[in-house]
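Given next are the chains, with one letter for each unit.
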Amino acid sequence: MNSHFQPACSTPERPQESPTTSIDQAVPSRPAERIHSWGRYPRVTHRHVHKPAWNDQIPDILKTAAPGSLLPFGLGRSYGDSCLNGDRDLVGCRRLNRILAFDESTGVVRCESGVSLREILEVFLPKGWFLPVTPGTSFVTVGGAIANDVHGKNHHRAGTFGDHVRQIALHRSDYDLVFCSPSENPEMFRASIGGLGLTGVIAWADFQLKRVDGPWIDSETIPFRSLKAFLDLSHESNDRFEYTVAWLDCFSGKNVRGIFFRGNHAANCRRKLRRKLSPKLSFELPDWILSRWSIEAFNAVYYAANSIKKRTAVTRHDTFFYPLDSIRQWNLLYGKQGFLQYQCVVPETNLEAFEELLDRIARSGMGSFLGVLKQFGAAPPAGILSFPRPGLTIALDFAMRGERTLKLMRSLDEVVQQSGGALYPAKDARMSPELFEISFPHWRDLVPYIDPKISSSFWRRVTGSC
Ligand SMILES: Cc1cc2nc3c(=O)[nH]c(=O)nc-3n(C[C@H](O)[C@H](O)[C@H](O)COP(=O)(O)OP(=O)(O)OC[C@H]3O[C@@H](n4cnc5c(N)ncnc54)[C@H](O)[C@@H]3O)c2cc1C
C-alpha cells in the first residue's frame, strides 16, 4: 500500500437499466487528428481518444493502458500542450456530465468531472447560486478547472477554484477509486489540485457554490494611463469590489494605457435575463487579416471607446465574465497556424521588469487584441503546481508567425526569469525546462503522485520524462 493515500471503498455505478456499452462503442471516437488545444499550436496527433460515457468504464481503460500512455481531456480550453498527449491516447471526459447531488443548506454541489462551468451556471444561477471562482470562459469542465487550479477576476478575494473544492474521487490505475479531501488523503488532494491531469482521472468533485441575488453585475469601467494608476486602482478596489481586471493596450509600451473593470454581484436587480445568441466562426480566417495595423487599430478604437470617462452599468454576468464566449470558436480568427498565449506573473516589487515586458512587446510590433492585466492576491497556493502567486499577471495572445513569434516569447522569458516570475502551464506551448524549474521549483514534489499510466506532451517537454 502506497503510504501517500488511502483508496476509497466504493465505486459509483451506472444505473442497472442503462444499456451496457463497451468503452468506445457508445459514441465513435472523433478522428484523433481533430483534437487540438485552444491555441491550435502545437499540432500533434493522438493514437486514440477514449470516450467513456460512465465512470465505471474508466478503471478498464486505465488498467489495460501502457505506462505513460493516457491523459484526461476536458474541453480543450488550455492553449498549448498541457491537455495534449502526442502520439499517445486521451481519455475524453466530457461525456461524464452528470450533476449528482446538491446540498441546498450548504451550497455544495457534487458533479462528474466532465460537467462544464456553463452547465453549472445554467442549472444553479436561476436558483441563486454562482461559481466560487470562474476563468474567462465558461466552456471549461470541472475536471479541467481543478487540474489547472484556475483563477478568475476574484483571485484577490477568493483564491483559486481549488480553494473551493471539498472532495474529489480519483480513478487511478494502481488503486480503485481514491477519495481525496483536505482531511482524507490530503497529499493526493493537494497534488491533484493544479496537478495537470497527471495524478489520475477525476471521476467527480464536490465544490462550494456561492449565494448571489441574480445574474447581474454592478460594474464600473475606468480608463488609466500608467502602471502606477493601474496599481492604485487595483489597491483601492480590492476591499470594495469582488471582481477586478484590466484590459491593456499592448502597443502602449512603457506609456501604459488601459481600461480597468471592477464589479460586484448586483443586489435586488429584477431585470429579466434574455437568452443571448452566440454566432460561431466556422472557418479559419486568412493570416493577413491579423496584421500589426489591424490589431493596433482595434486597440486604439477599443481604448477610445472606453476611455471617455468612468462609467457605471448593470451588466449581464456573461458579458462581464465571458466576453469572448459570445463568438464560438473565435480561436479560428488566428488562421491556420494558430496562436500562442503568453501568461506570466511578475512580483509586484519588480515593476521595472513588468515595464520592460510591455516595452519589448510594443517594440516587437507583434500586438495582441487581448491584453489582460490583474493583480493577484496573497492566497497561499491550493496545489503543488498552482500558478497564481502575489504579483501582476498579464495574458496576451500572439498569432503564430513561426520563429518571429517564438523569438519574442524567448525575449519575454528572459525578463520573467530574471524577475523571479513564472509562466502559466495552462497557457503554455513552448517554455523551456529551465523556465519551468524557475516557475515551479517544487515540481518534483508532484512526481510520487503521478499515475504511472498518465503523461502529457507538456510534462515530457518540461521535465524530460518519457
Ligand atoms: C477564452 C479563455 C479564457 C480563459 N481564462 C482563464 C482565466 O481567466 N483563468 C485561468 O486560470 N484559466 C483561463 N483559461 C484557461 C482554462 O480555464 C484552463 O485551461 C482550463 O483548465 C481548461 O479546462 P478544460 O475543461 O478545457 O480542460 P482541458 O484544457 O481539456 O485540460 C486541462 C487539464 O485538465 C486535465 N483534465 C481534464 N479533465 C480531467 C479529469 N476529468 N481528471 C483529471 N484531469 C483532467 C487535463 O489532463 C489537462 O491537464 C482560459 C481559456 C480560454 C480559452
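An account of the accompanying structure is given in this report. Worth saying up front: this structure is predicted, and the values here are computed from it rather than measured. (Residues numbered from 1 in each chain as written. Predicted model: local features only at pLDDT ≥ 70, side-chain atom pairs only at ≥ 80, totals over all residues. Heavy atoms only, no water.)

**Brief notes about the pairing of strand E16 (residues 371-376)**
Stage number 1. Across the six residues of E16, five count as buried, placing the element largely inside the fold.
Stage number 2. Both strand E12 (residues 243-248) and E16 contribute to a ladder of two bridges, which runs antiparallel. Within E16, the position partnered with Ala-246 by the bridge is Leu-373.
Stage number 3. In terms of strand pairing, E16 meets strand E17 (residues 391-399) through six bridges, oriented antiparallel. What sits directly across from Val-372, in E17, is Ala-395. (Buried < 20%, exposed > 50% of the residue type's maximum accessible area, 1.4 Å probe, protein only. Helix = DSSP H or I, 4+ residues; strand = E, 2+ residues; numbered from the N terminus. Pairing = 2+ DSSP bridges.)

**Some points on the side chain of Thr-160**
Stage number 1. Checked against the element boundaries, Thr-160 lands in the loop between helix H4 (155-158) and strand E7 (165-171).
Stage number 2. Polar side-chain contacts of Thr-160 include one of 2.8 Å to the side chain of Asp-149.
Stage number 3. Discounting residues that sit within four places of it in the chain, Thr-160 has contacts with Val-133, Asp-149, Val-150, His-151, His-155, Ala-382 and Pro-388. (Polar contact = N/O pair within 3.5 Å; in protein donor to acceptor, adjacent residues only side chain to side chain. Contact = heavy atoms within 4.5 Å.)

**Observations concerning the packing of helix H9 (residues 351-364) against helix H10 (residues 403-419)**
Angle between the axes and distance between the axes are the two parameters that describe a pair of packed helices.
Stage number 1. At a minimum axis distance of 9 Å, the contact between H9 and H10 shows a crossing angle of 170 degrees. In terms of axis orientation, H9 runs roughly antiparallel to H10. Contacts from Ala-353, Glu-356, Leu-357, Arg-360, Ile-361 and Ser-364 of H9 reach H10 at Arg-404, Leu-408, Ser-411, Leu-412, Glu-414, Val-415, Val-416 and Ser-419.
Stage number 2. Class assignment of the residues belonging to the contact of H9 with H10 gives a composition of seven nonpolar, three polar and four charged. (Axes fitted to C-alpha atoms, helices over the stretch in contact; angles between N-to-C directions. Parallel < 35°, antiparallel > 145°, perpendicular 65-115°, else oblique. Nonpolar A, V, L, I, M, F, W, Y, C, P; charged D, E, K, R; others polar.)

**Digging into the nonpolar core**
Stage number 1. One finds Leu-131, Ile-146, Phe-161, Ile-168, Phe-207, Phe-354 and Trp-459 to be the most contacted residues of the largest nonpolar core, which totals 114 residues.
Stage number 2. Here Phe-207 is in contact with Gly-107, Val-108, Val-109, Cys-111, Ile-120, Leu-131, Pro-132, Val-142, Phe-161, His-164, Val-165 and Arg-166, once residues within four sequence places are set aside.
Stage number 3. Grouped together as the second largest cluster of nonpolar side chains are nine residues, Leu-62, Leu-70, Cys-93 and Leu-96 included. (Core = buried A, V, L, I, M, F, W, Y, C linked by side-chain atoms within 4.5 Å.)

**Side note on the site of the ligand**
Stage number 1. Of all residues adjacent to the ligand, which total 35 residues, the nearest are Pro-72, Arg-77, Ser-78, Thr-141 and Tyr-424.
Stage number 2. Ser-78 has a polar side-chain atom sitting 2.7 Å from an oxygen atom of the ligand.
Stage number 3. Here an oxygen atom of the ligand sits 2.9 Å away from a polar atom, N or O, in the side chain of Asn-148.
Stage number 4. Bound to the protein, the ligand loses 96% of the 960 Å² it would expose on its own.
Stage number 5. When contributions to the shell around the ligand are tallied by element, the ones reaching two or more residues are strand E2 (72-73), helix H3 (142-147) and strand E9 (201-208).
Stage number 6. A breakdown of the residues in the shell around the ligand according to their chemical character gives 19 nonpolar, 14 polar and two charged. (Near = heavy atom within 4 Å. Areas by Shrake-Rupley, 256 points an atom, 1.4 Å probe, with all protein chains shown as cover.)

**So, the packing of aromatic side chains**
Stage number 1. According to the stated counting rule, one finds 22 aromatic pairs in the structure shown.
Stage number 2. Ring plane angle 80 degrees and centroid distance 5.5 Å describe the contact between Phe-102 and Trp-129, whose orientation is recorded as edge-to-face. You can see Phe-102 sitting in strand E4 (residues 99-103) and its partner Trp-129 sitting in strand E6 (residues 129-130), a full 27 residues away along the chain.
Stage number 3. Exposure remark for Phe-102: the relative accessible area of 27% places this residue in the partly exposed category.
Stage number 4. For Trp-129, a relative accessible area of 5% puts it in the buried group.
Stage number 5. With a centroid separation of 5.6 Å and 50 degrees between ring planes, the pair formed by Phe-224 and Phe-230 is classed as tilted. Taken as a pair, Phe-224 and Phe-230 share a single burial class, namely buried.
Stage number 6. Each member of the aromatic cluster is reached from another via a ring pair, and the members are Trp-38, Tyr-79, Trp-330, Tyr-334 and Phe-339. (Phe/Tyr/Trp six-rings, centres within 6.5 Å; stacked < 30°, edge-to-face > 60°.)

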